[in-house]
Amino acid sequence: MPQIVPGQFPGARPRRMRRDEFSRRLMRETVLTVDDLIQPLFVIEGQGRREAVESMPGVERLTIDELLREGEELARLGVPAVALFPVTAPEAKSLDGAAAYAPDGLAQRAVRALKDAFPQLGVITDVALDPYTSHGQDGIVDADGYVLNDETVAVLVRQALSHAEAGADVVAPSDMMDGRIGALREALESNDFIHTRILAYSAKYASSYYGPFRDAVGSAGALGKGNKYSYQMDPANSDEALREVALDLDEGADMVMIKPGMPYLDIVRRVKEQFAVPTFVYQVSGEYAMQMAAIRNGWLSEAVIAESLLCIKRAGADGILTYFARRVATALRA
Ligand SMILES: NCc1[nH]cc(CCC(=O)O)c1CC(=O)O
Ligand SMILES: [Mg+2]
């Protein structure tokens, strides 16, 4: 079909297809649906309480009974899964993060309660030690504060097994230790948790967009001026992400994740093109905070929410962890 008509201006009219809604709809390549959404939720001890997270307007920390209300609504809306992030009281934190694998810990109780009440709602748990360590790092540290790899992986294995025991459908290591996917897979297999999926935070960058999350789980104070540069990736790198993803897939990951989202969509595209595996993106707390701040100031329209998620999907994401999940699912159902 000749597109350019020689000697005529304009030579082609791509606007023809954009003229009417019917042809815009027919040529639309990407559609955001409820099936693409995962809702992260913060869990606290207690009963009948919701605490606002100041740097994340509209996001609350929930006691388990309130978590069940939220789970009911998300299940009703058809959101496929939630990702749980427990908040540990300062007195329960320790150097070795041992509270992470307590069989009756907050995370483990939250998983049990959700799976009992809403078996069809997928439950994803966070495998990492930062909510449980007194120094706010994702692992065990040596005398110089360096996060020890293999010692940390041993604890992550105990933590993941306690989540699987509680009924978690998916364990999601967000720590970036080397070799942890292989260790988790082997431990799950040899303990008969053959159905437990692993969502690997494979390319997790040392990002300043995590600030509001650290406020939400209370790891910001513990971490202080510390940073996570010795295990999370340098935002300058892209080839390194491909290597991390390749290793995690070899070690037995079912799904891989890139985090944060919007500033890292080139990574999402490279990963999806190279590996063609289930690829997830975390639209992180800072991305949420930025958009909410601008919307609340009247500087941006709330249409940016759906646009940002659509663009993440267009880049190659099969699913998105987003604090907007419930809001978007509600709008999509309307
Ligand atoms: N294991 C820690 C963890 N798990 C998820 C997030 C960030 C999520 C967000 O910002 O929304 C972080 C923060 C960090 O690495 O310091
Ligand atoms: Mg790795």
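Residues numbered from 1 in each chain as written. Chains lettered and ligands numbered in written order. Predicted model: local features only at pLDDT ≥ 70, side-chain atom pairs only at ≥ 80, totals over all residues.

In the annotation of an unreviewed UniProt entry, the entry for the chain reads Delta-aminolevulinic acid dehydratase, and the organism field reads Plasticicumulans lactativorans. Comment text from UniProt for the chain, heading Pathway (unreviewed entry), reads "Porphyrin-containing compound metabolism; protoporphyrin-IX biosynthesis; coproporphyrinogen-III from 5-aminolevulinate: step 1/4." According to the UniProt record, the Subunit (unreviewed entry) comment for the chain reads "Homooctamer." (UniProt positions renumbered as here; feature names shortened; annotations may be inferred.)

**Side note on the site of ligand 1**
Around ligand 1, the structure places Asp126, Ala128, Asp130, Asp138, Ser174, Asp175, Tyr210, Phe213, Arg214, Lys228, Val284 and Ser285. Broken down by class, the residue content of the shell around ligand 1 amounts to 4 nonpolar, 2 polar and 6 charged. (Near = placed C-beta within 6 Å. Nonpolar A, V, L, I, M, F, W, Y, C, P; charged D, E, K, R; others polar.)

**Considerations on the UniProt feature "binding site: Mg(2+)" (unreviewed entry) in the chain**
Here the UniProt-annotated "binding site: Mg(2+)" (unreviewed entry) positions come out as Glu244. Discounting chain neighbours no more than four positions away, the residues touching Glu244 are Ser202 and Ala203. (Contact = placed C-beta atoms within 7 Å.)

**Examining helix H9 (residues 265-275)**
Within the sequence span of H9, burial applies to Ile267, Val268 and Val271. Buried residues along H9 cover an arc of 100 degrees about the axis, so they all sit on one side. For H9, the exposed residues lying more than 90 degrees away from the buried face are Asp266 and Glu273. If you follow the buried residues of H9, they end up packed against strand E7 (197-204), helix H8 (239-251), strand E8 (255-259), strand E9 (279-283) and helix H11 (303-315). (Buried ≥ 20, exposed ≤ 12 C-beta atoms within 10 Å, placed from the backbone. Helix = DSSP H or I, 4+ residues; strand = E, 2+ residues; numbered from the N terminus. Arc of directions from axis to C-beta.)

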